[in-house]
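An overview of the molecular structure
Chain by chain, the residues:
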Amino acid sequence: ISGRFPAGKVLPYILAQIVGAITGAGLDYAIAAGKVGFDLSAGPGANGFGVHSPGGYSLWACFLVEVILAMAFVFIVLGSTDFRVSKGFGPLSVGLALTLVHLVGIPVTNMSVNPARSLGPAVFVWGWAIRQVWLFWVAPLTGALLAGLIYRFTGLRGSEALFAAEK
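Presented here is an overview of the structure given in this document. Source: prediction; values computed, not measured.

**What about the overall build of the chain?**
Secondary structure assignment for the chain yields seven helices and zero strands. Considering only C-alpha atoms, the chain reaches an extent of 65 × 30 × 30 Å along its principal axes. Per-residue burial over the chain gives 33% buried out of 167 residues. Restricting to contacts in the chain with at least 6 residues of sequence separation, those with at least 24 account for 75%. Averaging the coordinates of the 10 positive side-chain charges in the chain and doing the same for the 6 negative ones gives two points 5 Å apart.

Encoded structure:
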């Protein structure tokens, strides 16, 4: 959406994210299941709203927090990786932004930001988690879409090719 990723690589990227997330959640499950008293129904790592929200937040509240935090995070990533910005500070600002997003969002939804990351645990928890995972695809993608559009169409876009075409 921001114009900085080749369209032909989007589908393979999404598939790789999904496979990686499910693999990671599977490894997490294999480790956690080795503890006496492990209870999968509690949904370790799964995102949730309503009774499955860590703080008991409603669907609407969880939707808003996921959209806003995903939008802020993607906007920071786009700004931090813009070709006009010093390369040395990108990893620091992105890492700190991701930390902040999670500190704010974990008590509300267990925080997603990444739809594939939400799918991974939901596949293993199943039941309520798989029924609620739609929110953790729709909300972060909405936030990312808004960030990409704002960045691209407000003159903040960071593609050298786009700026070269304007000269």
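From this point on, the discussion continues.
**Observations regarding the packing of aromatic side chains**
A full pass over the atoms with the stated rule returns six aromatic pairs. Arranged with centres 6.3 Å apart and planes meeting at 70°, the rings of Phe 49 and Trp 134 form a pair that is edge-to-face. Separated by 85 residues along the polypeptide, Phe 49 in the loop between helix 1 (10-32) and helix 2 (59-80) and Trp 134 in the loop between helix 5 (127-132) and helix 6 (135-153) bring together distant segments of the chain. Residue classification places Phe 49 among the buried positions, given a relative accessible area of 13%. Residue Trp 134 is classed as partly exposed on the basis of its relative accessible area, which comes to 40%. In this structure an aromatic cluster arises from ring pairing among Tyr 29, Phe 38 and Phe 124.

**Digging into the pattern of salt bridges**
Note that side chains of opposite charge can pair when their charged atoms are close. Tallying each qualifying case throughout the model produces one salt bridge. Asp 82 is the salt-bridge partner of Arg 84, the closest N and O atoms lying 2.5 Å from each other. Note on Arg 84: relative accessible area 44%, which makes it partly exposed.

**Describing the packing of helix 2 against helix 6**
Contact geometry of helix 2 with helix 6 gives a least axis separation of 7 Å together with a crossing angle of 40°. Overall, the two elements helix 2 and helix 6 adopt an arrangement that is oblique. Crossing of helix 2 over helix 6 shows right-handed handedness. Residue composition of the contact of helix 2 with helix 6, by class: 19 nonpolar, four polar and one charged.

**Concerning the side chain of Ser 53**
Looking at where Ser 53 falls in the secondary structure, it is placed in the loop between helix 1 and helix 2. One polar contact links the side chain of Ser 53 to the main-chain carbonyl oxygen of Val 108, over a distance of 2.5 Å. Ignoring any residue separated from it by four or fewer positions in sequence, one finds Ser 53 in contact with Gly 48, Cys 62, Pro 107 and Val 108.

**A short note on helix 2**
For helix 2, spanning 22 residues, the distance from its first C-alpha to its last is 31 Å, which sits close to the expected 32 Å at 1.5 Å a residue. If you check which residues of helix 2 are buried, you get Cys 62, Phe 63, Val 65, Glu 66, Val 67, Leu 69, Ala 70, Phe 73, Leu 78 and Ser 80. Residues of helix 2 that are buried sit in contact with helix 3 (90-109) and helix 6.

**Points about the nonpolar core**
Ranked by internal contacts, the top residues of the largest apolar core, which has 15 residues, are Val 101 and Leu 135. Secondary-structure elements contributing two or more residues to this core are helix 2, helix 3 and helix 6. The leading source of residues in this core is helix 2, at six residues. If sequence neighbours within four positions are ignored, Val 101 has contacts with Leu 69, Phe 73, Met 111 and Val 113. By size, the runner-up hydrophobic cluster in this structure holds six residues, among which are Ala 46, Ala 122, Trp 128 and Val 133.

**Structural notes on a nonpolar patch on the surface**
On the surface, a nonpolar cluster with roughly 400 Å² of combined accessible area is contributed by Ile 1, Leu 145, Leu 149 and Phe 153. Positionally, Leu 145 belongs in helix 6. A relative accessible area of 36% places Leu 145 in the partly exposed class.

Calculation criteria
- Residues numbered from 1 in each chain as written.
- Predicted model: local features only at pLDDT ≥ 70, side-chain atom pairs only at ≥ 80, totals over all residues.
- Heavy atoms only, no water.
- Helix = DSSP H or I, 4+ residues; strand = E, 2+ residues; numbered from the N terminus.
- Buried < 20%, exposed > 50% of the residue type's maximum accessible area, 1.4 Å probe, protein only.
- Contact = heavy atoms within 4.5 Å.
- Lys, Arg positive; Asp, Glu negative; His and termini not counted.
- Charge placed at Lys NZ, Arg CZ, Asp CG, Glu CD.
- Phe/Tyr/Trp six-rings, centres within 6.5 Å; stacked < 30°, edge-to-face > 60°.
- Salt bridge = Lys/Arg side-chain N within 4 Å of Asp/Glu carboxyl O.
- Axes fitted to C-alpha atoms, helices over the stretch in contact; angles between N-to-C directions.
- Parallel < 35°, antiparallel > 145°, perpendicular 65-115°, else oblique.
- Left-handed = near helix turned anticlockwise from the far one by under 90°.
- Nonpolar A, V, L, I, M, F, W, Y, C, P; charged D, E, K, R; others polar.
- Polar contact = N/O pair within 3.5 Å; in protein donor to acceptor, adjacent residues only side chain to side chain.
- Expected span 1.5 Å × (residues − 1).
- Core = buried A, V, L, I, M, F, W, Y, C linked by side-chain atoms within 4.5 Å.
- Patch = residues over 30% accessible without salt bridge, like charges linked within 9 Å, V, L, I, M, F, W, Y side chains within 5 Å.
- Areas by Shrake-Rupley, 256 points an atom, 1.4 Å probe, with all protein chains shown as cover.

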